[in-house]
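Structural description and commentary
Here is what each chain is made of, one letter per residue.
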Amino acid sequence: MESSPAATVSAGPGLGPAPADLLRRLRARGAADPVTHVERVPARPGVPAPWPSWAPPELRAAFARRGVVAPWQHQAQAATLAYEGEHVVVATGTASGKSLAYQLPALATLLADPRATVLYLAPTKALAADQLRAVAALELEGVRPACYDGDTPRAEREWIRRHSRFVLTNPDMLHHGVLPGHAQWSGFLRRLAYVVIDECHTYRGVFGSHVAHVLRRLRRQCARFGSTPVFVLASATSGDPSTAAGRLTGLPVTAVTEDASPRGGVTFALWEPPLLPPDSGPSTPVPPQSTGDHDDLQQVRRSALRETADLLADTVAEGVRTLAFVRSRKGAEVVAANARRALDDAVPGLGGRVAAYRGGYLREERRELERALLHGDLLGLASTNALELGVDLVGLDAVLICGYPGTRASLWQQAGRAGRSGQEALAVLVARDDPLDTYLVHHPEAIFGAPVEATVLDPANPYVLAPQLACAAFEAPLTPADLALFGDGAKEAVDQLVAAGALRQRPTGWYWRHRERPEVDLRGEGGAPVCVVESSTGRLLGTVDGGSSHFLLHSGAVYLHQGVSYVVDDLDLVDGCALVHAEEPDWSTHARDVTDLSVVSVRSYVDAGPVGMFLGEVDVTSQVVSYQRRRIATGEVIDTRPLDLPARELRTVAVWFTLSPQSLTLAGVQPADVPGALHAAEHAAIGLLPLMATCDRWDIGGLSTAVHPDTEAPTVFVYDGHPGGAGFAERAYGTASAWLRATRDAIAECGCESGCPSCVQSPKCGNGNNPLSKPDAIRVLDVVLANLPE
Ligand SMILES: [Zn+2]
Ligand SMILES: [Zn+2]
């Protein structure tokens, strides 16, 4: 993507009704009002600030030439903190101009000190290339910005190391190239004034934990060469950005979170599709890889896909330029097809003004769609988030978001597509049948209030710490002073490496014993990643971490890659490779596993009378045993097929709670209903954890039992799905009462009678969602919440 700058397409004048009128008409269609909340997000004028006095005139002039006449207040505030030597994270909304917050102090320093250098880290090469263009366009004397990544020709690398003073790279290159070759970088590192970490919220989970240690290794090399750079981080809005940035860098970081950039007004509606009558059968479309589990089901909601298609048809009929975001490509096509049909039924020919937009189109096809939208020949588009790549559509009147996209950052990014300058726009979030979606449409404060979802990582994970210490030892022998830098567990990890023969202890420190450097993949997750290879061409499509591979890449699995559908022919666990072919079948696949769990140790606990809350290490054995095929159009289960995959062992971190049997009896849960009560609570609790931490369902697992041999009590476990843990269970433990309160409310507020995919059913359940008791799950959680301190 880096070679093709994003095109900007701006639609012509709006023809449709004002957002509030439009919404009124949309919600008046059905018998029951599906709108649970309307938030008027008012237009906000920006709050500009004067240029900081330390910003040199030539830099101000350079920005002015690029159209920046003055910084916004948050930019100036963050820039000045950084310039004064404080580590700072700026965590504000999409398009709030975070880059100026680091460019300003970094470039001012480069201009003031002709020897100083800056290192910029982006999660993707494309973003680094964007930044390179932005910095180069300022045309500042002597800065010589340059990208240094896997694509940089050998011939240019030495020039960059010697002469560039603003090097843009990514954590993988820092890990594989810069740090092991620190001798060649000594001149650059000795003069390093700033380290910029852009989009730092993407460094989460196990990957984030690895990056945290790569940054500690960078700090160690800087210290050896005598520099102490200031870290400036940019993050999407999130809960507690200062703590997350502190964990990532190992330094105290000040957060700037007050967004002073201007934005357009949006009428934002939360929309819950109505429940269908119990006897209407499985006639509900389900998106591919959806979480909907429709077997043994009494009652379901109208599908979010069908609801979105109707909304798209209605807005287009009103002449409103609308973009619908759908999570999968197949889903986007279902939405577009249904909307077209509805429009053609009303006015023959009108359906032609709706199209599906997805990744995989040729460039010309994409540009043609964009042109059609610009000229109004096309009024409605259903898209996967493939639209995020390569095209910047602005000036739409309405955005429909089919299902919560997983994080608040993506939600606002998608909603932000609506609104031309100075005009109000409409955004609608259509809830899918998923506990988190249900919770959000009934708790608008979780979307529009202060964010609670935090970026979590766990640098103390021994499966990350040991290989990272090996890398550090290869770069320079480890000393006792280094152990403090790498944090909790570093001494134990070093002892293990010595015992394993990887390090040798000498009076001067710990030495790497081998000639070759340790092979450590930042994106590997303990188990080696599995390669996804197209059989016919031998092309490597991507990799899936070992932990998810049994779920996502078993024989017969439908695997989506950048919106394109593949079917797995064979999963070869010996070679760590899955052979696939391109195919778009009418069904989606859903793997199921069975799990066994034992407690290894308790790290921390809260004794709350009849309730106990624990955080600790556990051993999990899980086996993917079968998968279901379901029709995409109807959600109907076609069949269940057995799988012959080995069990996987996982030592990880879990949060769990126990209740005394007496407290359950007192609360009205009959002994026979305890398993169903705990099981239902477990499913919903897993579904709600992404509210507190940026994770998805592949990152966590659960187990519940009426009596567990290690706790000797009714127990619900929720564990990190990655070896050594990734911080999710720890975050759950730290926010236990808020997390379980949200879980309880999501179940209680779901309008279904006895449990549905919107509350207590889980798509991953190894027990076929049986037993489940919705009312008793609420009683269980009430007992926990009544006893647990806030
Ligand atoms: Zn329900
Ligand atoms: Zn289950």
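Residues numbered from 1 in each chain as written. Chains lettered and ligands numbered in written order. Predicted model: local features only at pLDDT ≥ 70, side-chain atom pairs only at ≥ 80, totals over all residues. Heavy atoms only, no water.

Attention now goes to the sheet that holds strand 20 (residues 540-544). With respect to topology, five strands assemble into an open sheet ordered 20-19-23-22-21, the strand pairing being mixed. Only two strands of the sheet have a single partner each, and these edge strands are strand 20 and strand 21 (558-561). Strand-to-strand twist of the sheet, defined as the mean angle between neighbouring strand axes without regard to direction, takes the value 35°. Here strand 19 (residues 530-534) runs beside strand 23 (residues 577-582); their pairing, made up of four bridges, is parallel. (Pairing = 2+ DSSP bridges. Helix = DSSP H or I, 4+ residues; strand = E, 2+ residues; numbered from the N terminus. Axes fitted to C-alpha atoms, helices over the stretch in contact; angles between N-to-C directions.)

Before going further, it helps to spend a moment on the packing of aromatic side chains. This structure, assessed with the given rule, holds 12 aromatic pairs. Ring geometry for W51 and F63: centres 5.9 Å apart, planes at 20°, overall stacked. Separated by 12 residues along the polypeptide, W51 in the loop between strand 2 (35-41) and helix 2 (57-65) and F63 in helix 2 bring together distant segments of the chain. Residues W51 and F63 agree in their burial class; the two are buried. Look at F268 and F448: their rings are 5.3 Å apart centre to centre, the planes differ by 80°, and that puts the pair in the edge-to-face class. Note that F268 is positioned in strand 10 (residues 266-271) and F448 in helix 16 (residues 445-448), a separation of 180 residues in sequence. Assigned by exposure class, F268 and F448 land together as buried. Taken together, the ring pairs in this structure connect Y605, F614, W656 and F717 into an aromatic cluster. Sitting above the plane of the W587 ring, R629 keeps its charged end 4.5 Å from the centroid. (Phe/Tyr/Trp six-rings, centres within 6.5 Å; stacked < 30°, edge-to-face > 60°. Buried < 20%, exposed > 50% of the residue type's maximum accessible area, 1.4 Å probe, protein only. Lys NZ or Arg CZ within 6 Å of the ring centre and 35° of its normal.)

A separate point is the coordination of the zinc ion (ligand 1). Listed as protein donors to the zinc ion (ligand 1) are C750 (SG), C752 (SG), C756 (SG) and C759 (SG); their distances from the metal cover 2.2 to 2.4 Å. Here the zinc ion (ligand 1) is ringed by four donor atoms whose angles at the metal span 99 to 118°, and the overall shape comes out tetrahedral. Coordination of the zinc ion (ligand 1) draws on donor residues from a single chain, spaced C-x1-C-x3-C-x2-C in sequence. The same class applies to C752 as to C756, namely buried. (Donors = N, O, S within 2.8 Å, 3.2 Å for Na, K, Ca; no water. Tetrahedral: all angles 85-135°; square planar, octahedral: opposite > 155°, others 65-115°.)

This part covers the coordination of the zinc ion (ligand 2). Here the zinc ion (ligand 2) is held by H679 (NE2), H683 (NE2) and C765 (SG), and the distances to it run 2.1 to 2.3 Å. Summarised as a motif, the one-chain spacing of the donors to the zinc ion (ligand 2) is H-x3-H-x81-C. Of this pair, H683 sits in helix 22 (residues 674-688) while C765 sits in the loop between helix 24 (736-749) and helix 25 (774-787), placing them 82 residues apart in sequence. Each member of the pair, H683 as well as C765, carries the same accessibility label: buried.

Moving on, we get to helix 19 (residues 490-499). When we look at burial in helix 19, the residues that qualify are A490, A493, V494 and L497. Along the long axis of helix 19, the arc covered by the buried residues comes to 100°, so they all point the same way. Summarising the geometry of helix 19, the exposed residues directed more than 90 degrees from the buried face are Q496 and A499. Where helix 19 is buried, its residues touch helix 17 (462-475), helix 18 (480-486), strand 17 (503-506) and strand 18 (509-512). (Arc of directions from axis to C-beta. Contact = heavy atoms within 4.5 Å.)

On to the side chain of T705, then. Mapped onto the secondary structure, T705 falls in strand 28 (residues 700-705). Within the structure, the side chain of T705 is placed 3.0 Å from the backbone oxygen of V707, a separation counted as a polar contact. (Polar contact = N/O pair within 3.5 Å; in protein donor to acceptor, adjacent residues only side chain to side chain.)

Here we take up the environment of R302. Relative to the helices and strands, R302 resides in the loop between strand 10 and helix 11 (304-317). For R302, a relative accessible area of 21% corresponds to the partly exposed category. Side chain to side chain, R302 and E307 meet in a polar contact 2.5 Å long. At a separation of 3.0 Å, a polar atom in the side chain of R302 contacts the side chain of D310.

Next up on the list: the environment of A748. By secondary structure assignment, the location of A748 is in helix 24. C-alpha separation for the pair A748 and A777, spaced 29 residues apart in sequence, amounts to 9.2 Å.

Here we come to the pairing of strand 17. Pairing of strand 17 with strand 18 involves four bridges; the strand directions are antiparallel. Along strand 18, the bridge assignment pairs Q505 with W510. Where strand 17 hands over to strand 18, the hairpin turn is made up of two residues, counted between the paired strands.

Bringing the packing of helix 17 against helix 19 into the picture now. Two elements in contact, helix 17 and helix 19, have axes separated by 9 Å at closest approach and are oriented at 70°. Judged on the interaxial angle alone, helix 19 and helix 17 are roughly perpendicular. Note that helix 17 runs across helix 19; the crossing there is right-handed. In contact with L465, A466, L469 and A470 of helix 17, helix 19 contributes A490, A493, V494 and L497. When its residues are assigned to classes, the contact of helix 17 with helix 19 shows eight nonpolar, no polar and no charged. (Parallel < 35°, antiparallel > 145°, perpendicular 65-115°, else oblique. Left-handed = near helix turned anticlockwise from the far one by under 90°. Nonpolar A, V, L, I, M, F, W, Y, C, P; charged D, E, K, R; others polar.)

This brings us to the nonpolar core. Within the largest apolar cluster, 86 residues are counted, with the highest numbers of intra-cluster contacts made by F268, M613, F657, L689, L691, W739 and L740. Counting residues per element, this core draws most heavily on helix 22, which supplies nine residues. Beyond its immediate stretch of four places on either side in the chain, F657 contacts G612, M613, P714, T715, V716, L740, V780, L781 and V784. Membership of the second largest hydrophobic core comes to 40 residues, among which are W51, W54, L81 and L140. (Core = buried A, V, L, I, M, F, W, Y, C linked by side-chain atoms within 4.5 Å.)

Before going further, it helps to spend a moment on the pattern of salt bridges. On inspection of all chains with the given rule, the structure shows 24 salt bridges. A salt bridge links R44 to D259, with the shortest nitrogen-to-oxygen separation between them at 3.6 Å. You can see R44 sitting in the loop between strand 2 and helix 2 and its partner D259 sitting in the loop between strand 9 (254-256) and strand 10, a full 215 residues away along the chain. Relative accessible area serves as the criterion here: at 22%, R44 is assigned to the partly exposed category. Residue K491 pairs with D495 through a salt bridge whose shortest N-O separation is 2.8 Å. With K491 and D495 both in helix 19 and four residues apart, the pair spans about one turn of that helix. According to the relative accessible area criterion, K491 is partly exposed, its value standing at 39%. Taken together, the shared-partner salt bridges in this structure form one network comprising R302, E307 and D310. (Salt bridge = Lys/Arg side-chain N within 4 Å of Asp/Glu carboxyl O.)

With that settled, consider the confidence of the model for the protein. The predicted coordinates of low-pLDDT regions are not to be read in fine detail. On average, residues of the protein score 88 in pLDDT, and 91% of them are at 70 or above. Counting interchain partners and residues more than four positions distant, the pLDDT-below-50 stretch residues 1-13 has 32 contacts. The low-confidence segment residues 281-298 (pLDDT under 50) makes 67 contacts with residues lying over four places distant or belonging to another chain. (pLDDT = per-residue confidence, 0-100.)

With respect to topology, seven strands assemble into an open sheet ordered 5-6-4-7-8-3-9, the strand pairing being parallel. Of all strands in the sheet, those with a lone pairing partner are strand 5 (145-147) and strand 9, marking the two edges. On average, adjacent strands in this sheet sit at an angle of 20° to one another, irrespective of strand direction. Sheet topology places strand 3 (residues 88-91) next to strand 8 (residues 230-235); four bridges connect them, and they run parallel. Within strand 8, the residue paired with A91 across the bridge is S235. Docked against the sheet, helix 9 (residues 205-225) engages strand 4 (117-121), strand 7 (192-197) and strand 8, running at close to 175° with respect to strand 7.

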